[in-house]
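Listed here are the chains, written in short residue letters.
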Amino acid sequence: MNGWANIKTITKRELAAYFSSPLAYIFIVIFLLLCGFFTFMVGGFFERGEASLVRPFFDWHPWFYLFLVPAVGMRLWAEERRVGTLELLLTMPITAWQAIVGKFLASWLFLGLALLLTFPVIITVNYLGSPDNGIIFSGYVGSWLMAGAYLAISCITSAMTRNQVVSFILSVVICLFMILAGFPPVINLLENWAQPLVEIITSFSVITHFDGFQKGVLDSRDVIFFLSIIGFSLFTTSVIIRGHRAG
Amino acid sequence: MRMITGFIPPSAGTIKVGGFDIVESPIEAKRLIGYLPENAPAYTDMTVHGFLSFAAEIRGLRGEAKAKAVGRAVEMCFLESVQHQSVETLSKGYRHRTCFAQSIIHDPDVLVLDEPTDGLDPNQKHEVRQLIRRMGEKKAIIFSTHILEEVDAACSRAIIIDRGRIVANGTPAELRQKSEWAGAVTLSVSGTPADAITAKLGHIPSVKRSTVVDEKNGIVTVRVFPKGTANGSLAKAVAEVAQGWRVEELHTEEGRLDEVFRSITMPDTVATKEVK
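Residues numbered from 1 in each chain as written. Chains lettered and ligands numbered in written order. Predicted model: local features only at pLDDT ≥ 70, side-chain atom pairs only at ≥ 80, totals over all residues.

**Notes on the overall build of chain A**
Heads up, the condition is: Think of it this way: any DSSP run of H or I at least four residues long counts as a helix, any run of E at least two long counts as a strand, and we number them from the N terminus. Within these notes, the globule rule equals 2.2 Å times the number of residues to the 0.38 power, and the radius of gyration is based on C-alpha atoms.
For chain A, the count of helices and strands is 14 helices and zero strands. Traced from its N-terminal end to its C-terminal end, chain A shows the element sequence α-α-α-α-α-α-α-α-α-α-α-α-α-α. In terms of overall size, chain A behaves like a compact globule, its C-alpha atoms giving a radius of gyration of 19 Å where 247 residues would be expected to give roughly 18 Å. By its C-alpha atoms, chain A is 60 × 45 × 30 Å across when sized along the principal axes.

What follows is the structure, given as structure tokens:
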């Protein structure tokens, strides 16, 4: 049997696990409520009077994900370790890598589903005006990639501990750093005393890279940035998982 | 055990399962093994049926073969009544059997069971031992236990491991021979004083020593230990000496595993590992 079949089996099980617990439904409801509230109330969607989702809708995503993605990712490995099923999983005829990718894909697909359920916003904006749907599409792609990057980071912190709360807090802090590195007030502060470092630091920020997508530019550098965060984080996760087995 | 199943890499030496080295070709080796970890973990959010289907699928079973394997495991472990219940809601015994069912789902050649009867009630223990006995006819089964009666009930070979070292290795009968009880004769006599009995028994050449175990209601119970290796002759010799006494009871002891275990692993006892 090949590796993809194993990955598919694990992904299927994980997805089923999400939907057999209230977590999935709570997550989706909260995510949609937040999106709606921030887009129409705080974001001033109507006041702007322009047929665009960029500022009122996508601008908030890095901040929603900051709390919601770690909540989805925190149970991935911490729960397995706590219950002891990790031993079961790793003694089955699959590689650790297949397990990691399978679990990650499941959560990522789940986040993708939550994101797709925001489609009424697209309908609304199309009904009210004639937006550039290409930009909206690229915004969605970017948003999903960004969620994947956050999720991969949550994978690391989840693998580090058997306590889900610790995992949650750690990944929130790391993700917060990645947002702040590109947050305008922070950049302004940095420019005053660390001019040469600004470019390096902002290049690590998810906001900087998400910006391109919001403008409708599918820049390969931004795509590679998110994909490499995912790749690197999953690799780190596999190192940590292997470390447990030795210890 | 965790090393055999590939969970922890061995710090020294190699482990081969069915010709496959667990470090070099873990996937092939793991495919041959069914494993029941200690505490029998299972995904609590799944139903028993769902969990077993997942286990079957990851073992490469699909469609018809999968359904058949799940059905067989459910039947063997008596899980029909809880099939569609989530693992979370099960009692410890059922949970344990669910995990056990997972380990036999692909009909493996090698079964590794870490304390398979831990936390089960006597009926369930009996059930599991029967299962081990039955499957042991065709497969290699390794299980660990702290319960020595289990060794007698299910094993063809036992290894005692004390602080990481093998201190004894043999069939349960062989292990029992190591006990100084093995071949000892217990004799109960009424109406004869204790010292007279021990004095007379002391004259038998093959007797190492004899001790009075119990003395009440005029019945004296004496245990006679043989010199060297025991064979049936001691009982005969004791019976000859005892002529003229009113013998209430006379039998040869078999040797006790728990006593062997204690004498080998003293001062502190550690886990045993028994091999079927």
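After that view, the rundown keeps rolling.
**Points about the overall build of chain B**
To keep it simple, the criterion reads: To sort residues by burial, count the other C-beta atoms lying within 10 Å of each one's C-beta; a count of 20 or more means buried, 12 or fewer means exposed, and anything in between means partly exposed. C-beta atoms are built from the backbone. We call two residues in contact when their backbone-placed C-beta atoms lie within 7 Å.
Regarding its fold elements, chain B presents 10 helices and 12 strands. Radius of gyration (C-alpha) of chain B: 25 Å, far over the 19 Å computed for a compact globule of 276 residues. Here the C-alpha coordinates of chain B stretch approximately 75 × 45 × 30 Å along the principal axes. Looking at chain B as a whole, 37% of its 276 residues are labelled buried. At a minimum sequence separation of 6, the contacts of chain B that also span at least 24 residues come to 66%.

**Examining the sheet that holds strand E11 (residues 246-252) of chain B**
Residues and elements named next belong to chain B. To keep things clear, this is the line we draw: Strands are treated as partners if at least two bridges between them are detected by DSSP. Working convention: axes come from line fits to C-alpha atoms, limited for helices to the stretch in contact. Angles between N-to-C directions cover 0 to 180 degrees.
Taken in spatial order, the four strands line up as E9-E10-E8-E11 in an open sheet, and their pairing is antiparallel. With partners counted over all chains shown, the strands left at the sheet margins are strand E9 (207-216) and E11, one partner each. Going from strand to strand, the sheet's axes swing by 20° on average, the running direction of each strand aside. The pairing of strand E8 (residues 185-190) with strand E10 (residues 219-226) spans six bridges and is classified as antiparallel. By the bridge assignment for E10, Ser190 is matched with Ile219.

**A short note on the nonpolar core**
Worth spelling out the cut-off: Only buried Ala, Val, Leu, Ile, Met, Phe, Trp, Tyr and Cys residues enter a nonpolar core, and they are joined through C-beta atoms within 7 Å.
With 105 residues, the main nonpolar core has A:Ala149, A:Leu151 and B:Leu52 as its most contacted residues. A per-element tally of this core places helix H9 (residues 133-160) of chain A first, with 12 residues. In this structure B:Leu52 touches B:Val70, B:Ala73, B:Val74, B:Ala101, B:Gln102 and B:Ile105, once residues within four positions along its chain are discounted. By size, the runner-up hydrophobic cluster in this structure holds 12 residues, among which are B:Ala184, B:Val185, B:Ile197 and B:Leu234.

**Examining the pairing of strand E7 (residues 165-170) of chain B**
Residue and element names in this part refer to chain B. Relative to E7, strand E6 (residues 157-162) runs antiparallel, the two sharing five bridges. Directly across from Ile159, in E7, lies its bridge partner Asn169. Hairpin connection, E6 to E7: the antiparallel pair is bridged by two residues, and Arg163 has positive phi, about 45°.

**So, the interface of chain A and chain B**
Our working definition: Ten residue types, Ala, Val, Leu, Ile, Met, Phe, Trp, Tyr, Cys and Pro, are classed as nonpolar, four, Asp, Glu, Lys and Arg, as charged, and the remainder, Gly among them, as polar.
Contacts between the two partners involve 20 residues from chain A and, on the opposite side, 21 residues from chain B. For the side of chain A that touches chain B, the secondary-structure elements that each account for two or more residues are helix H1 (3-19), helix H6 (85-90) and helix H14 (220-246) of chain A. Classifying every residue of the side of chain A that touches chain B gives nine nonpolar, eight polar and three charged.

**Some words on unusual backbone geometry**
For B:Ala40, which is not a glycine, the phi torsion comes out positive at approximately 45°. Positionally, B:Ala40 belongs in the loop between strand E3 (33-36) and helix H2 (48-58).

**A short note on the environment of A:Tyr65**
All names here are of chain A. Mapped onto the elements of the fold, Tyr65 is located in helix H4 (residues 61-73). By C-beta crowding, Tyr65 is classed as buried, having 23 other C-beta atoms within 10 Å. Considering only alpha carbons, one finds Tyr65 and Phe31, 34 residues apart in sequence, at a separation of 9.0 Å. Those residues in contact with Tyr65 that lie beyond four places of it in its chain are Met146, Ala147 and Tyr150.

**Points about the domain arrangement of chain B**
Just so we agree on the cut-off: Segmentation into domains, and thus their bounds, comes from an automatic or database assignment.
According to the domain assignment, chain B consists of domain 1 (16-176) and domain 2 (185-252). Each of domain 1 of chain B and domain 2 of chain B was reduced to a C-alpha centroid, and the two centroids are 46 Å apart.

**Overview of the environment of B:Glu75**
Within the fold, B:Glu75 resides in helix H3 (residues 63-76). A C-alpha to C-alpha distance of 36 Å links B:Glu75 and B:Glu24, two positions 51 residues apart in sequence.

**Comments concerning the packing of H1(A) against helix H7 (residues 96-116) of chain A**
Residue and element names in this part refer to chain A. Just so we agree on the cut-off: In this scheme, roughly parallel covers angles under 35 degrees and roughly antiparallel covers those over 145, while 65 to 115 is roughly perpendicular and the rest are oblique. Note on convention: the crossing is left-handed when the near helix lies turned anticlockwise from the far helix by less than a right angle, right-handed when the turn is clockwise.
Packing of H1 against H7 leaves a shortest axis separation of 8 Å and a crossing angle of 45°. Our classification of the angle between H1 and H7 gives oblique. Of the two possible hands of crossing, H1 and H7 adopt the one that is right-handed. Contacts between H1 and H7 involve Gly3, Asn6, Ile7, Ile10, Thr11, Glu14, Leu15 and Tyr18 from the former and Gln98, Ala99, Val101, Gly102, Lys103, Leu105, Ala106, Ser107, Leu109 and Phe110 from the latter.

**Overview of the confidence of the model for chain B**
All names here are of chain B. Rule in force here: Per-residue confidence from the predictor is given as pLDDT, running between 0 and 100.
Taken over all residues, the pLDDT of chain B has a mean of 78, while the share at 70 or more is 91%. Per-element averaging of pLDDT across chain B places strand E12 (residues 272-275) at the bottom with 49 and H2 at the top with 90. Below a pLDDT of 50 lies the segment residues 268-274, which in the model reaches 23 contacts outside its immediate sequence neighbourhood of four places, other chains included. Two numbers describe this predicted complex: its pTM, 0.80, and its ipTM, 0.81.

**Some words on the pairing of E3(B)**
Taken residue by residue, a regular strand's side chains alternate between the two faces of the sheet. Residue and element names in this part refer to chain B. Side chains Ile33 and Tyr35 of E3 all project onto a buried face; the interleaved residues Gly34 and Leu36 project onto the opposite face, where all are buried too. Sheet topology places E3 next to strand E4 (residues 110-114); four bridges connect them, and they run parallel. Within the sheet, the bridge partner assigned to Tyr35 lies in E4 and is Val112.

**Points about H1(A)**
The condition is simple: Helix span is expected to be 1.5 Å times the residue number reduced by one.
Under the 1.5 Å per step criterion, the end-to-end length of H1(A) is 25 Å for 17 residues, consistent within 8% with the ideal 24 Å. Regarding H1(A), the residues found buried are A:Asn6, A:Ile7, A:Thr9, A:Ile10, A:Thr11, A:Arg13, A:Glu14, A:Ala17 and A:Tyr18. Residues of H1(A) that are buried make contact with helix H2 (22-42) and H7 of chain A together with H2 of chain B.

**Describing the environment of A:Phe38**
Residues and elements named next belong to chain A. Assignment of secondary structure puts Phe38 in helix H2. Here Phe38 falls in the partly exposed class, since 19 other C-beta atoms lie within 10 Å of it. Remark: the alpha-carbon pair of Phe38 and Ser238, spanning 200 residues in sequence, is separated by 37 Å. With residues near it in sequence (within four places) discarded, Phe38 still touches Gly43 and Trp60.

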